[in-house]
Amino acid sequence: EQYTSVAQPGEVLRKQQKWTKPLLIVFVAALAGVAVLVAHDRDWKAPAVRVRGHPEFTEEDATPANPPGESATATSPPAETDLSAASEWTAMHPDPAVLKWLDTSEVKPGGTTCGFLIAPLGTMGVHVESYPDVKVYVCIKFAKTQPAPKGTIFTHCGGPGSVSGCGVDWGQHAGDDYNHVGIDQRGLGRSLPTFATPNCTLPAGSDILGDDEDETQTRKLLRLVKARAHTCFNDPSFQLPAKNNKSGKDHFNFLQFSGTDEVAEDLDRFRKAIGARKLSLHGISYGSAIAMAYATKFRDHVDKFLLNSPVPPTLSMFQMAWDSAHGQQLQYDNFAAACDSAGAACPLSMAPGGTGNALALVMDKIRQMNIQIPLTTDQCKAFFFCTSPTSVSAVYLANLQLGFSQAGDREGFKQVVNEVYTQYQAAASGDIVKFESMIVKSGQEYVAAFIAAVNAAARPSQPSGPQAALPFFDENPDTNSKPTEEERVAGQPDYHVLINQGQVAQTCVMSQSTFDEASNENYFMSRWKEVKSTFPNFHLGKSVKLFTSWWSMTYSWPRLTPTTSAASPTTPGIIIGYIYDPNTPYSWAQQAHASFPLTSLVTSQASKHGMGFDEVDRDCLPILHKYLQEDVQPVDGDLCRAPRPVAWS
């Protein structure tokens, strides 16, 4: 019955009483029925998520799940052997119809090899029988004992853009009792089709703005991104012919089937191919989106669950861009506060208004004078970031100098800040000639050191000069069985250039994983101005740069395919969040914890992105090792203490 505001109170009460007693009787009877069911069937299991008739259904999917509220404990059988009696496939001998290792001589305990997972383009809808197959490159380092006592752990290092080499390498820190797995997710590395195509790039250097706080330059970038979105989406290499025309569809666009959800589907296909009941998941940064998507879709097949500096469980592109700008502001404020608290030991703190005001004055003076750092043509080719053929903007370079050093090198940041103090003195005194000379000298020294470091990292054992081409380029991609490195993809000499010329990997993946995009230039710029005024960031431009970088990834993309909000009420694990994370703000770790309530949130005071194995993580590493090795989940709310990000004495 419908009650309205004109009904008399007594009448409403009588009508409520009319229904209350029968409902109470029914409720009590229902409780009694539940009690009887529980008493007579304590082995009740929740039904499998997928049922017969689903295109991905196997008999394994009919295996009962844990009752609600129960999770695997340290006494559970090893994940790798849970299905040993039910499946003939193992990590060393996978289902050949789905996965084949390329070099069988490498298939041995402690060995490392790779192969191609054959996966249908899609898994749902009326087109199931028509979907063509794609190839996903998967790499594994086998545990020293087989079957692996701790099962198989998958690591994704983030990006999007990281590939199998990082996953295999990082996974080894979990211990020799695991098989360590990394993949080239769809479109990346050696997986086919590939995103690394000229139609998906931006013109060389066009995404490097001389000044990220310049509105004209930002609008120009948006127009290039908009044109690229349409040429990329409609590239012929992504139009895959259907297997048959039963559904009336003659082709499918790969850029509708290569986002985060598809990585989760491919992982589960891999799990079945190696006969494992469960996988352990470790997602770093964007990699956490893959781990969360898998735990949402396949929660009964998750063993260890580790989110390391996670993205939010709901992937709103605008909110992520805004939050990242905020995170940049917080981190730089933290560094400035460390300098201020040091007093005379950090000279920049002695400036009127402190460190932040001094940095802002230097940046304003560089902009006012429009200082450019002259370089040679060869230096610009090697440096990647030039804003003209023979120079780089001093504003852009200052952003790099403070940005790179603060993230991973505290001593480097200290050196930069102390150097800025002499520049500040020259600017404050009005000695413009001296100021410009110091900025140019500092910039040229930084570029030379940067190029030397890149060359050393890229070719540690190669001779210098033109003959030093990386050997991976010439390897036959059909037989090379090594994990992929981001700059070394077998058979694709131009891969690194193409995939990085305009955030290609990020654009293609995030446009298939998020929502809240912008498609109107004026609307984009109105929010851009909000960020610029809300997060001034000492006029470095780093907050607004990050906002533009994030939100422009999906700008004017023709067809978004967002991932559903991730959540699982039954998945335990660990979430690691950094209070001063400049890339994935700490608030995202809190949101992930709310969506996965059985996890433990471990908070670090360190100012960095992603747990590694450096000194600043020394308090957190034992927690991680104990979880991975002893199945001991830490107390929710554990705090890893860290010193001030920079210490002056």
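Quick look at the structure, then. Because the structure is a prediction, the values reported are computed rather than measured.

**Some thoughts on the pairing of strand β5 (residues 179-184)**
So, point 1. The buried fraction of β5 amounts to six of the six residues, a majority that puts the element mostly inside the structure.
So, point 2. Residue alternation in β5 divides its side chains into two sets, Asn179, Val181 and Ile183 and His180, Gly182 and Asp184, and both sets are buried.
So, point 3. Bridge count between strand β3 (residues 133-141) and β5: five bridges; the pairing is antiparallel. Each bridged residue has a counterpart across the sheet, and for tyrosine 137 the counterpart in β5 is aspartate 184.
So, point 4. As paired strands, strand β4 (residues 152-156) and β5 are joined by three bridges and run parallel to one another. Its bridge partner lying in β5, isoleucine 153 is registered against histidine 180.
So, point 5. Crossover connection from β4 via helix α2 (residues 164-171) to parallel β5: handedness right-handed.

**Some details on the packing of aromatic side chains**
So, point 1. In this structure the tally under the stated criterion is 25 aromatic pairs.
So, point 2. Look at phenylalanine 383 and phenylalanine 450: their rings are 5.2 Å apart centre to centre, the planes differ by 85°, and that puts the pair in the edge-to-face class. Here the residue phenylalanine 383 occupies a position in helix α8 (residues 377-383), and phenylalanine 450 occupies one in helix α11 (residues 432-458), the gap between them amounting to 67 residues.
So, point 3. Its relative accessible area of 0% is what places phenylalanine 383 among the buried residues.
So, point 4. For phenylalanine 450, a relative accessible area of 15% gives the class buried.
So, point 5. A ring pair is formed by phenylalanine 524 and phenylalanine 547, whose centres lie 6.0 Å apart and whose planes are at 55°; its orientation type is tilted. With phenylalanine 524 in helix α14 (residues 521-534) and phenylalanine 547 in helix α15 (residues 542-552), the pair connects residues that are 23 residues apart, well separated along the chain.
So, point 6. Residue phenylalanine 524 is classed as buried on the basis of its relative accessible area of 0%.
So, point 7. In textbook terms, an aromatic cluster arises when at least three aromatic residues are bridged by ring pairs, as seen for Phe318, Trp322, Tyr523, Phe524, Phe535, Phe547, Trp551 and Tyr555.
So, point 8. One residue, lysine 135, lies across the ring of phenylalanine 116, its end atom 4.3 Å from the ring centre.

**Here's the deal with helix α5 (residues 287-297)**
So, point 1. Of all eleven residues that make up α5, ten are buried, and the element is covered over most of its length.
So, point 2. Taken together, the buried positions of α5 are occupied by Gly287, Ser288, Ala289, Ile290, Ala291, Met292, Ala293, Tyr294, Ala295 and Thr296.

**Some words on the packing of α14 against α15**
So, point 1. Packing of α14 against α15 leaves a shortest axis separation of 9 Å and a crossing angle of 150°. As the angle between them shows, α14 and α15 are arranged roughly antiparallel. With respect to the hand of their crossing, α14 and α15 are arranged in right-handed fashion. Contacts from Tyr523, Phe524, Arg527, Trp528, Val531 and Lys532 in α14 reach Ser543, Val544, Phe547, Thr548, Trp551 and Ser552 in α15.
So, point 2. Residues belonging to the contact of α14 with α15 are distributed by class as follows: seven nonpolar, three polar and two charged.

**Regarding the state of the cysteines**
So, point 1. All chains considered together, the criterion is met by six disulfides.
So, point 2. The disulfide partner of cysteine 114 is cysteine 139, and the S-S distance across this bridge is 2.1 Å. Its torsion about the S-S bond being 110°, the disulfide of cysteine 114 and cysteine 139 is classed as right-handed. A residue pair is termed long-range when its members are at least 10 positions apart, and cysteine 114 in strand β2 (residues 112-120) and cysteine 139 in strand β3 qualify at 25 residues.
So, point 3. Each bonded cysteine of the chain gets a number by its place in the sequence, and the pairs then read 1-2, 3-4, 5-6, 7-8, 9-10, 11-12.
So, point 4. We note that cysteine 508 lacks a disulfide partner, and the nearest cysteine sulfur, in cysteine 232, lies 4.0 Å from it.
So, point 5. With a relative accessible area of 1%, cysteine 508 lands in the buried category.

**Some points on the pattern of salt bridges**
So, point 1. Summed over all chains, the structure comprises 20 salt bridges.
So, point 2. The partner of glutamate 106 in a salt bridge is lysine 482, and the shortest N-O contact between them spans 3.0 Å. Of this pair, glutamate 106 sits in the loop between β1 (99-101) and β2 while lysine 482 is found in the loop between α11 and α12 (495-500), placing the two residues 376 residues apart along the sequence.
So, point 3. Under the relative-accessibility criterion, lysine 482 is labelled partly exposed at 41%.
So, point 4. A salt bridge links lysine 297 to glutamate 265; its shortest N-O distance comes to 3.8 Å. Of this pair, lysine 297 sits in helix α5 while glutamate 265 sits in helix α4 (residues 260-273); the two residues are 32 residues apart in sequence, bridging distant segments of the chain.
So, point 5. Taking the relative accessible area as the measure of exposure, lysine 297 reaches 27% and is therefore partly exposed.
So, point 6. With relative accessibility at 14%, the residue glutamate 265 sits in the buried group.
So, point 7. Each of Glu215, Arg219, Arg223, Glu521 and Lys529 takes part in one network of salt bridges that share partners.

**Let's talk about the packing of helix α6 (residues 317-342) against helix α16 (residues 586-595)**
So, point 1. It is at 9 Å that the axes of α6 and α16 come closest, and there the two elements cross at 130°. It follows that α6 is oblique to α16 by the angle criterion. Note on element contacts: α16 touches α6 through Ser587, Trp588 and Gln591, opposite Met320, Asp323 and Ser324.
So, point 2. Among the residues forming the contact of α6 with α16, the class breakdown is two nonpolar, three polar and one charged.

**Examining α2**
So, point 1. Burial within α2 is extensive, with six of its eight residues counted as buried.
So, point 2. Those residues of α2 lying buried are Ser164, Gly165, Gly167, Val168, Trp170 and Gly171.
So, point 3. Buried residues along α2 sit against β3, β4, β5, β8 (279-284), β9 (302-308) and α17 (621-630).

**Let's talk about the sheet that holds β1**
So, point 1. Here we have ten strands laid out as an open sheet, ordered β1-β2-β3-β5-β4-β8-β9-β12-β13-β14, and mixed in their pairing. A single partner strand is all that each edge strand has here, and the edge strands are β1 and β14 (639-640).
So, point 2. Inspection of the sheet shows β2 paired to β3 by nine bridges, in the antiparallel sense. When the sheet's bridge partners are listed, cysteine 114 is paired in β3 with cysteine 139.
So, point 3. Relative to the sheet, α2 contacts β3, β4, β5, β8 and β9, its axis offset from that of β5 by approximately 160°.
So, point 4. Docked against the sheet, α16 engages β9, β12 (573-578) and β13 (599-604), running at close to 165° with respect to β13.

**Some remarks on the side chain of serine 393**
So, point 1. For serine 393, the position within the fold is in strand β11 (residues 391-393).
So, point 2. For serine 393, a relative accessible area of 6% corresponds to the buried category.
So, point 3. Only 3.2 Å separates the side chain of serine 393 from the backbone nitrogen of valine 395, close enough to count as a polar contact.
So, point 4. When residues no more than four places from it in sequence are discounted, the contact partners of serine 393 are Gly210, Ile371, Gln372 and Thr387.

Here is what the cut-offs are and how they apply
Residues numbered from 1 in each chain as written. Predicted model: local features only at pLDDT ≥ 70, side-chain atom pairs only at ≥ 80, totals over all residues. Heavy atoms only, no water. Buried < 20%, exposed > 50% of the residue type's maximum accessible area, 1.4 Å probe, protein only. Helix = DSSP H or I, 4+ residues; strand = E, 2+ residues; numbered from the N terminus. Pairing = 2+ DSSP bridges. Right-handed = clockwise from strand over helix to strand, strands pointing away. Phe/Tyr/Trp six-rings, centres within 6.5 Å; stacked < 30°, edge-to-face > 60°. Lys NZ or Arg CZ within 6 Å of the ring centre and 35° of its normal. Axes fitted to C-alpha atoms, helices over the stretch in contact; angles between N-to-C directions. Parallel < 35°, antiparallel > 145°, perpendicular 65-115°, else oblique. Left-handed = near helix turned anticlockwise from the far one by under 90°. Contact = heavy atoms within 4.5 Å. Nonpolar A, V, L, I, M, F, W, Y, C, P; charged D, E, K, R; others polar. Disulfide = S-S within 2.5 Å. Salt bridge = Lys/Arg side-chain N within 4 Å of Asp/Glu carboxyl O. Polar contact = N/O pair within 3.5 Å; in protein donor to acceptor, adjacent residues only side chain to side chain.

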